[in-house]
Amino acid sequence: MVFLNSALPATMFERWALPFALCGLWCGLVMPMLISRAEAEGVVPAHHRPEGGYRNLRQHDADPGALNVAGSDSRRRLWDGTKVWWRERKNFASWEGQEQLLPRHDVDTAALATPGMAPQVTWLGHSTVLVQYRGVNLLTDPMFSERCSPVPFLGPKRTAPPPLSLEELPPPHFVLISHDHYDHLDVATVRALGDQPLWLVPLGISEWLRKAGISADRIVELDWWQESRHRQGIAQVVATATPAQHWGGRMLMDRNQRLWSSWHVRIDDFTLWFGGDTGYDASLFQTIGRRLASPDLALIPIGAYLPRQFMRAMHVDPADAVKIFQDVGASRAIGIHWGTFQLSAEPIDAPPRDLAAASMAAELPVDAFRTLALGETWLLPLPPGVN
Ligand SMILES: [Zn+2]
């Protein structure tokens, strides 16, 4: 400190020694302490990996072959998973010629074009659902293509065409995206919908959408528990990204670089919860049930669950789906993510059968958690207080 008080002119070294020392102290000691304290206090969310990308809150390292790539050795686990998949494929039920087991309804296009007062929900196959209420058309994970695959001539093919075309679809005001897998985020469908809807997406998907041609001002990208508010006509819409247990990636090199989520959406007095694609984690869904309003309607995946050892880290089975229904406190639900693309070993019609058995075992009210025929619309009761 002598040079600070000295009357002699300071040399360059003297002039800069203190700032350098302070800077070194800050960068070398204080900053790392602050960062580790912030991590310890949860300021950096636990589902953000320090090296970039995202991870599940619950690890599944005990599941041999599970394709849960949240661990640090994700490429090895991918290889292990691929080996299990290859070994198990001979045990897959054949869906060939079984398509008639997927119930199908003619779409009530008049009801879709001019919905009544009550909320209504229409299943368009896999995780694509149209929810309509108070003049709002909301679409989940829109997928209208023939195959869910990086290439148009290979990969899982639809068991039945979508019950209505994109041109016949009432123009959606909002689209919820759960994650970047091909059966949930389809580039041809995204391009066809374009800037018409507002795209609500988890972290990391905005950039992908912009590359697909969507304008930045038509995308809202959220982390888990972040919300965004919108006005659509007479309705107030509040969307919150909520957690899920899954993973992300479209190619080998982008694993878990984009977040996965479920969604909680309020349209005025009606509450929707979209489960996206998920494995089961009781604490995760019970937290959603505690923190947010109970859903009047939940959309919960029930398919792609066998072989269990391989799938359970990323996909619930109908019994787990019933637990989610109870955890989030839903009044009603429909089962999604089944019957459309064969991704797993169970027969095409097993999910609704197993769901009925699981609902009965859990003593849920009749038809509280049901499936819809492809193209079927379910008219829900008006939310309490609306007449
Ligand atoms: Zn997925």
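The structure reproduced in this document is the subject of the present report. Computed from a predicted structure; not experimentally measured.

## What about the nonpolar core?
- Judged by nonpolar contacts, the single largest core of 74 residues is most densely connected at Trp-199, Leu-200, Ala-298, Ile-300, Phe-325 and Ala-333.
- In terms of residues, this core owes the most to one element, helix 9 (residues 318-328), which gives five residues.
- When sequence neighbours within four positions are dropped, the list of residues in contact with Leu-200 reads Phe-174, Val-175, Leu-176, Ile-177, Val-220, Ala-239 and Trp-263.

## Concerning the packing of helix 9 against helix 10 (residues 350-361)
- Two elements in contact, helix 9 and helix 10, have axes separated by 8 Å at closest approach and are oriented at 50 degrees. It follows from the interaxial angle that helix 9 and helix 10 lie oblique. Where helix 9 crosses over helix 10, the handedness of that crossing is right-handed. Between helix 9, through Pro-318, Ala-319, Ala-321 and Val-322, and helix 10, the contact on the second element is made entirely by Pro-351, Asp-354, Leu-355, Ala-358 and Ser-359.

## Details of helix 9
- Of all eleven residues that make up helix 9, eight are buried, and the element is covered over most of its length.
- Those residues of helix 9 that fall on the buried side of the exposure criterion are Pro-318, Asp-320, Ala-321, Val-322, Ile-324, Phe-325, Asp-327 and Val-328.
- The inward-facing, buried residues of helix 9 abut strand 10 (270-274), helix 7 (282-291), strand 11 (297-301), strand 12 (332-336), helix 10 and strand 13 (369-370).
- At the C-terminal side of helix 9, Gly-329 shows a positive phi close to 75 degrees.

## What to know about the sheet that holds strand 5 (residues 198-202)
- Pairing is mixed across the open sheet formed by seven strands, whose spatial order is 6-5-4-3-2-1-14. In the strand order of this sheet, the two ends are held by strand 6 (219-222) and strand 14 (377-379), each with one partner. Sheet twist, expressed as the average angle between the axes of neighbouring strands with direction ignored, equals 20 degrees.
- As paired strands, strand 1 (residues 120-123) and strand 14 are joined by three bridges and run antiparallel to one another. Note on strand 14: the bridge partner recorded for Thr-122 is Thr-377.

## Some words on the environment of Asp-269
- Mapped onto the secondary structure, Asp-269 falls in the loop between strand 9 (262-267) and strand 10.
- On a C-alpha basis, the gap between Asp-269 and Leu-382 in space is 9.3 Å, while along the polypeptide they are 113 residues apart.

## Some remarks on the packing of helix 7 against helix 9
- Two elements in contact, helix 7 and helix 9, have axes whose closest approach is 7 Å; the angle formed by their N-to-C orientations is 35 degrees. Across the interface between the two elements, Ala-282, Phe-285, Gln-286, Ile-288 and Gly-289 of helix 7 pack against Lys-323, Ile-324, Asp-327 and Val-328 of helix 9.
- Here the residues of the contact of helix 7 with helix 9 are counted per class, giving five nonpolar, two polar and two charged.

## A short note on the pairing of strand 7 (residues 227-232)
- Summarising the sheet, strand 7 and strand 8 (residues 235-242) pair through six bridges and their orientation is antiparallel. In the strand pairing of strand 8, Arg-229 is matched with Val-238.
- A loop of two residues connects strand 7 with strand 8, the two strands running antiparallel in sequence, and Gly-233 in this loop sits at a positive phi of about 60 degrees.

## Points about the pairing of strand 9
- In terms of residue burial, strand 9 counts as a mostly covered element, since six of its six residues are buried.
- Side-chain alternation along strand 9 places Ser-262, His-264 and Arg-266 on one buried face and Trp-263, Val-265 and Ile-267 on a second face that is also buried.
- One ladder, built from six bridges, connects strand 8 with strand 9; its direction is antiparallel. Across the sheet, the residue bridging to Ala-239 is Val-265, located in strand 9.
- One ladder, built from five bridges, connects strand 9 with strand 10; its direction is antiparallel. Residue Val-265 lies in a different strand from strand 10, and its bridge partner there is Leu-272.
- From the end of strand 9 to the start of strand 10, which pair antiparallel, there are two residues, and Asp-268 there has a positive phi angle of about 50 degrees.

## Observations concerning unusual backbone geometry
- Looking along the chain, the bond that leaves Leu-306 and enters Pro-307 is cis, with omega of -5 degrees.
- Tracing the backbone through its elements, the reader meets Pro-307 in the loop between strand 11 and helix 8 (308-311).
- Notably, Asp-268 is not glycine yet its phi reads approximately 50 degrees, a positive angle.
- Inspection of the secondary structure assignment puts Asp-268 in the loop between strand 9 and strand 10.
- Its 16 C-beta neighbours within 10 Å are what place Asp-268 among the partly exposed residues.
- In this structure, Ala-304 takes a positive phi of about 65 degrees despite not being glycine.
- Within the secondary structure, Ala-304 is located in the loop between strand 11 and helix 8.
- We classify Ala-304 as buried; it has 22 C-beta atoms within 10 Å.

Scoring rules and cut-offs
- Residues numbered from 1 in each chain as written.
- Predicted model: local features only at pLDDT ≥ 70, side-chain atom pairs only at ≥ 80, totals over all residues.
- Core = buried A, V, L, I, M, F, W, Y, C linked by C-beta atoms within 7 Å.
- Buried ≥ 20, exposed ≤ 12 C-beta atoms within 10 Å, placed from the backbone.
- Helix = DSSP H or I, 4+ residues; strand = E, 2+ residues; numbered from the N terminus.
- Contact = placed C-beta atoms within 7 Å.
- Axes fitted to C-alpha atoms, helices over the stretch in contact; angles between N-to-C directions.
- Parallel < 35°, antiparallel > 145°, perpendicular 65-115°, else oblique.
- Left-handed = near helix turned anticlockwise from the far one by under 90°.
- Pairing = 2+ DSSP bridges.
- Nonpolar A, V, L, I, M, F, W, Y, C, P; charged D, E, K, R; others polar.

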